[in-house]
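# Report on the structure
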Amino acid sequence: MPTSGRSERAIESVTDKLSKALTAKGLQLGSSIFIRIFKDPGVLEVWVEDDKNTFTLFRNYPICYFSGNVGPKTNEGDNQSPEGFYFVNPQRMNPWSKFHLSFNLGYPNVYDRKHGRTGSALMVHGNCVSIGCFAMTDPFMSEIYTLADAALRAGQPFFRVHAFPFRLESEILSKYRTNEWYYFWLNLKEGYDYFVEHKIPPNASVEDQRYVFGE
């Protein structure tokens, strides 16, 4: 795992607090994590694996800033933040980020590339400024980074990050029937619903330019 003096200080500053908060929920630092991002209402959720091998919501972190609107990123320079199914391995953690700390979502993923989408260096990071990324306050980013770092060090090979425009409940989605991205969001909803039902993030692969989901 990459490390820096900044990441070491940030991790040290929040570890005790996080460990106590996790213990209070029957969770522990170092367990596998899963992240969901919702542009509306602007929240990043961190879920932690519990003793039933399902995932329990640990914390909601308000997103300080993201650029663009609901709808996926399609082109380099469009100032949009991505939507879809991503993962972060140790190589995508950046303890040297000029935006406090960060990790790379891995955009464009296979789905994005199949659809000709372009862009690079799409991150979750600190410093509360963004052009296409999801920016957090530095204190919140320190906590999120620490949870991710601990999980990866304990053996989680990567953690999944699912980025959505909003909560993909049928009642909410029905309001967007005329939106150009409605059918894209219907496809995202399949993965959203899988997690809601099983409390285990699905594996997302691509067939015929669509996401398909399974264990």
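Look above for the structure.
Residues numbered from 1 in each chain as written. Predicted model: local features only at pLDDT ≥ 70, side-chain atom pairs only at ≥ 80, totals over all residues. Heavy atoms only, no water.

### Quick look at the overall build of the chain
A tally of regular secondary structure across the chain gives 5 helices and 12 strands. Taken against the 2.2 N^0.38 rule, which gives 17 Å for 215 residues, the C-alpha radius of gyration of the chain at 17 Å falls within 12% of a compact globule. With the C-alpha coordinates aligned to their principal axes, the bounding extent of the chain is approximately 50 × 40 × 30 Å. For the chain, the accessible area works out to roughly 10000 Å², and carbon and sulfur atoms hold 49% of it. Each charge sign in the chain was given a centre, from 23 positive and 24 negative side chains, and these centres are 3 Å apart. (Helix = DSSP H or I, 4+ residues; strand = E, 2+ residues; numbered from the N terminus. Rg over C-alpha atoms; globule rule 2.2 N^0.38 Å. Areas by Shrake-Rupley, 256 points an atom, 1.4 Å probe, with all protein chains shown as cover. Lys, Arg positive; Asp, Glu negative; His and termini not counted. Charge placed at Lys NZ, Arg CZ, Asp CG, Glu CD.)

### Details of the sheet that holds strand β9 (residues 134-135)
The 5 strands are arranged β4-β9-β8-β7-β6 in an open sheet whose pairing can be described as mixed. The open sheet terminates on both sides in strands that have one partner only, identified here as β4 (65-66) and β6 (93-94). Pairing analysis gives 2 bridges linking β6 to strand β7 (residues 102-104), with the strands arranged antiparallel. Bridge pairing in β7 links N94 to S102. (Pairing = 2+ DSSP bridges.)

### Description of the state of the cysteines
What the rule picks out here adds up to 1 disulfide. The side chain of C64 participates in a disulfide bridge whose partner is C128; the two sulfur atoms lie 1.7 Å from each other. The sign of the S-S torsion, about -60°, decides the handedness of the disulfide formed by C64 and C128: left-handed. A residue pair is termed long-range when its members are at least 10 positions apart, and C64 in the loop between β3 (55-62) and β4 and C128 in the loop between β8 (123-125) and β9 qualify at 64 residues. The thiol of C133 is unpaired, and the distance to the nearest cysteine sulfur, on C128, comes to 13 Å. According to the relative accessible area criterion, C133 is buried, its value standing at 8%. (Disulfide = S-S within 2.5 Å. Buried < 20%, exposed > 50% of the residue type's maximum accessible area, 1.4 Å probe, protein only.)

### Remarks on the pairing of strand β11 (residues 203-207)
Regular strands have side chains that alternate between both faces of the sheet. Where β11 and strand β12 (residues 210-214) come together, 5 bridges link them in antiparallel fashion. Bridge pairing in β12 places E207 opposite R210. Counted along the chain from β11 to the antiparallel partner β12, the turn is 2 residues long, and its residue D208 has a positive phi close to 50°.

### Regarding the side chain of N104
For N104, the location among the structural elements is in strand β7. Accessibility expressed as a relative area gives 19% for N104, which makes it buried. Among the polar contacts listed, one links the side chain of N104 to the backbone nitrogen of G106, at a separation of 2.8 Å. (Polar contact = N/O pair within 3.5 Å; in protein donor to acceptor, adjacent residues only side chain to side chain.)

### Considering the packing of aromatic side chains
A complete count under the given rule lists 22 aromatic pairs for this structure. Between Y111 and F184, the aromatic rings sit 5.8 Å apart at their centres with planes inclined by 40°, giving tilted as the arrangement. Here the residue Y111 occupies a position in helix α2 (residues 110-114), and F184 occupies one in helix α5 (residues 182-198), the gap between them amounting to 73 residues. Both residues of the pair, Y111 and F184, count as buried. Chaining the aromatic ring pairs together yields one cluster made of F38, F85, Y111, F164, W181, F184, Y192, Y211 and F213. Its guanidinium or amino end placed over the ring of F87, R92 lies 4.5 Å from that ring's centre, counting from NZ or CZ. Positioned over the ring face of F195 is K199, at 5.8 Å from the centre of the ring. (Phe/Tyr/Trp six-rings, centres within 6.5 Å; stacked < 30°, edge-to-face > 60°. Lys NZ or Arg CZ within 6 Å of the ring centre and 35° of its normal.)

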